[in-house]
Amino acid sequence: MDPIRLIVTALSARTRVTPQGDRVPAALPEAQAELMTLAGQRLRSRPNGSMVLRQHAEDPGRWARPLAKALEAEGAGRDAELIVAAQVVMRLADAAGSSRGKYVLDTASPSGQAPG
């Protein structure tokens, strides 16, 4: 998974966690808040950056692409702290049973663009 998609996916992870007998880790809301803070800091100099982040939180399906474009334009795919925070959220979301898959960072594409 490329870094931008990892970040966007992690930012919507909390909305994907459904309690079907799986317990949501207590650390997930805190990790999600930390990720939101870091993403907000990355987007603070971008016009409408905080608005896109807020809109994504309300409707991830509709705002995933605009958020990805904004994050990419601001170099979020090279922000190690933001990427690690996204990985933490995804690990916690996986523990909650929101997804049985693994999330792998595509380091061959540090710009956040899909190879090819």
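Please refer to the structure placed before this passage.
Residues numbered from 1 in each chain as written. Predicted model: local features only at pLDDT ≥ 70, side-chain atom pairs only at ≥ 80, totals over all residues. Heavy atoms only, no water.

**Focus: unusual backbone geometry**
- The backbone phi angle of asparagine 48 is positive, close to 70 degrees, even though this residue is not glycine.
- When you line up the elements, asparagine 48 lands in the loop between helix 3 (27-43) and helix 4 (49-58).
- Classification of asparagine 48 as exposed rests on a relative accessible area of 54%. (Helix = DSSP H or I, 4+ residues; strand = E, 2+ residues; numbered from the N terminus. Buried < 20%, exposed > 50% of the residue type's maximum accessible area, 1.4 Å probe, protein only.)

**Some remarks on the pattern of salt bridges**
- Tallied over the entire structure, the rule returns two salt bridges.
- Taking the shortest distance from any N to any O, the salt bridge between aspartate 79 and arginine 42 comes out at 2.9 Å. Of the two residues, aspartate 79 is situated in the loop between helix 5 (60-73) and helix 6 (80-95) and arginine 42 in helix 3; the sequence distance between them amounts to 37 residues.
- Glutamate 74 is paired through a salt bridge with arginine 46; the nearest N and O atoms lie 3.4 Å apart. Of this pair, glutamate 74 sits in the loop between helix 5 and helix 6 while arginine 46 is found in the loop between helix 3 and helix 4, placing the two residues 28 residues apart along the sequence. (Salt bridge = Lys/Arg side-chain N within 4 Å of Asp/Glu carboxyl O.)

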